[in-house]
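Architecture and fold: a report
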Amino acid sequence: MADEPRYKRLTRARSRSRFAVVSAGNSSLWLGPDHLLCIDSTGFTEHYKRFSFRDIQALIVRKTDGYKYWSLALGMVGVFLAIIGAFTGDRVGSLVLFSIAAFFSLCMLLNLALGPTTVCYLQTAVQIELLPSIHRLRKARKVINILRPLIASAQGELAPEEIAARFSGTTAQTAQEPAVADAPPVISPVAPTARDSGEGTNVPPRIVS
Amino acid sequence: MSSFQLLCPKCRIPLRESVINRTELAPCTVCAAPLQVEIFPALFRPIQTGRSGEAVLVETESSCFYHPQKKAVMHCEGCGRFLCALCDCELHGQHYCPQCLESGKKKGKIKSIENERTLYDSIALGLAVAPLLLFYVTFLTAPMALYVAIRYWKAPRSIVHRTRIRLVLALIFASLQIAGWVVAVIMITGSHG
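Fair warning: this is a prediction, and the values are worked out from it, not measured in the lab.

Some thoughts on the interface of chain B and chain A
The interface is formed by 51 residues belonging to chain B together with 50 residues belonging to chain A. Taken over both partners, the interface formed by chain B and chain A buries close to 4600 Å², and the fraction arising from carbon and sulfur atoms is 61%. Along the contact surface separating chain B from chain A lie 3 salt bridges. Glu38 of chain B is paired through a salt bridge with Arg148 of chain A; the nearest N and O atoms lie 2.6 Å apart. The tally of links between chain B and chain A comes to 16 residue pairs in polar contact (both at pLDDT 80 or more). Secondary structure elements with two or more residues in the side of chain B that touches chain A: strand 2 (34–39), strand 7 (116–118) and helix 2 (120–129) of chain B. Tallying contributions element by element places strand 2 of chain B first for the side of chain B that touches chain A, with 6 residues. Among the residues making up the side of chain B that touches chain A, the classes are represented as 25 nonpolar, 12 polar and 14 charged. Relative to strand 2 of chain B, strand 5 (residues 58–64) of chain A is paired through 5 bridges, and the arrangement is antiparallel. Across the sheet, Arg62 of chain A pairs through a bridge with Leu35 of chain B, a residue of strand 2 of chain B.

Describing the layout of surface pockets
Residues and elements named next belong to chain A. Empty space within the second largest pocket amounts to approximately 840 Å³. Looking at the second largest pocket, it is lined by 31 residues, and the ones nearest its centre are Arg14, Gly66, Trp70, Thr117 and His135. Where the lining of the second largest pocket is concerned, the elements lending two or more residues are strand 1 (8–15), strand 5, helix 1 (66–87), helix 2 (91–114) and strand 6 (117–123). For the lining of the second largest pocket, the leading source of residues is strand 6, giving 5 residues. Grouping the constituent residues of the lining of the second largest pocket by class yields 15 nonpolar, 8 polar and 8 charged.

Some remarks on the side chain of Gln177 of chain B
Structurally, the position occupied by Gln177 of chain B is in helix 4 (residues 165–192). The residues touching Gln177 of chain B, leaving out its near neighbours within four places in the chain, are Ala128, Leu132, Thr138 and Ala142 of chain B.

Focus on the pattern of salt bridges
Summed over all chains, the structure comprises 9 salt bridges over all chains. Residues Lys71 of chain B and Glu61 of chain B are paired through a salt bridge, measuring 3.8 Å at the closest nitrogen-oxygen approach. Taken as a pair, Lys71 of chain B in the loop between strand 2 and strand 3 (74–75) and Glu61 of chain B in the loop between strand 2 and strand 3 lie far apart in primary sequence, 10 residues in all. For Glu61 of chain B, a relative accessible area of 27% puts it in the partly exposed group. Via salt bridges that share partners, Asp40, Lys49 and Glu129 of chain A belong to a single interconnected network.

Comments concerning empty space enclosed by the protein
Residue and element names in this part refer to chain B. Going through the model one piece at a time under the given rule, you end up with 1 cavity of 30 Å³ or more. The computed volume of the largest cavity comes to approximately 30 Å³. If you trace the largest cavity, you find it lined by Thr118, Tyr120, Asp121, Tyr152, Ala155, Pro156, Arg157 and Leu167. In the lining of the largest cavity, the residues fall into 5 nonpolar, 1 polar and 2 charged.

Quick look at the nonpolar core
With 21 residues, the main nonpolar core has Leu36 and Leu147 of chain A as its most contacted residues. Contributing elements (two or more residues each) for this core: strand 2 (26–31), strand 3 (35–41), strand 5, strand 6 and helix 3 (137–155) of chain A. Dropping the residues within four chain positions of it, Leu147 of chain A is found in contact with Leu10, Leu31, Leu36, Phe53 and Leu59 of chain A. In this structure, Ala58 and Leu158 of chain A together with Cys28 and Ile39 of chain B belong to the second largest nonpolar core, which totals 18 residues.

What counts, and at which threshold
Residues numbered from 1 in each chain as written. Chains lettered and ligands numbered in written order. Predicted model: local features only at pLDDT ≥ 70, side-chain atom pairs only at ≥ 80, totals over all residues. Heavy atoms only, no water. Contact = heavy atoms within 4.5 Å. Buried area = accessible area lost by both parts, 1.4 Å probe. Salt bridge = Lys/Arg side-chain N within 4 Å of Asp/Glu carboxyl O. Polar contact = N/O pair within 3.5 Å; in protein donor to acceptor, adjacent residues only side chain to side chain. Helix = DSSP H or I, 4+ residues; strand = E, 2+ residues; numbered from the N terminus. Nonpolar A, V, L, I, M, F, W, Y, C, P; charged D, E, K, R; others polar. Pairing = 2+ DSSP bridges. 1 Å grid on protein atoms, 1.4 Å probe; cavity = no way out; pocket = protein on both sides within 12 Å on 5 of 7 lines; lining within 4 Å. Points joined across faces, edges and corners; volume = space filled by probe spheres on them. Buried < 20%, exposed > 50% of the residue type's maximum accessible area, 1.4 Å probe, protein only. Core = buried A, V, L, I, M, F, W, Y, C linked by side-chain atoms within 4.5 Å.

Right, here's the structure in full:
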């Protein structure tokens, strides 16, 4: 379609479930011209969630210990199979077991090489959305580095002093507030006070705030 | 009192400034979960309040199609109806009435709010390829795959760029399966005749 925005892939599809083998649904992230697109796909249908750069409040990444447990489990299976292979008298059998053990060890090394696992959340004014396709810390940082300038160009940047002031509860002016103050005044046809005072509806419009 | 809310995803306790916009992971002050939190100005932006329509004061003034007692401030770019401030739904600089917005979403006319698509190309390819393991089922699924591929040839595919390769492959596989069945039937009937 000619009027559809072009999207650039940010992350590969990854299952929303931890047990990816039994789950058909997966999620991926795409970069649009003015928004982030999260696609939840079942293979035959796609559901879209758009997060406008103007509305993204925060990206929260939490490092998890999943990669340690997976590495431990894969390593233990590899070692277990290697031990059985070493004590098996049959040469072909031990070769098969060593091959499987090598496969598990390779998986463990790959898992360690990919780095720590994370869960990533995107916060807007109305939702906190889990982004399952951002599963590794390295990927999370890469995505944040891509998104940061785009969001900054849509919203402006936060000065460290302003963050400190906001978190300490002081009434520092935000970058958005002056824009609101500069907005044109609303013209009200009849001010409530005019009606109350019995001047009727023929009172000319008055500018309020 | 701050109006924004930024919670730790693990302990659900409001986060402190010490973990905000750091380049490295920083522990949550309560649960010590390692976090990297990137915040943006929208976090501190006050939530905009909805507008209410102004009452029509003079009879000659245009009124809202849905609320005749309210003054029209805009016209819908979908149907042209006059709208009051309450009914005016702005979307990427364009103004729609709630009805057009709803129908635009359902029919997929407004691309920016379309939130679901059926991937007919994947369905056609699935019908053409998956039953190959059980060959006899292709007697039914091959014509179905052919039908889906032809019927939905022009249907919108995925919102992200996708070619028609799945539909083409589905057509090829389904045609070959049907051709195979035709040859098999001819051979069987020929050997009996």
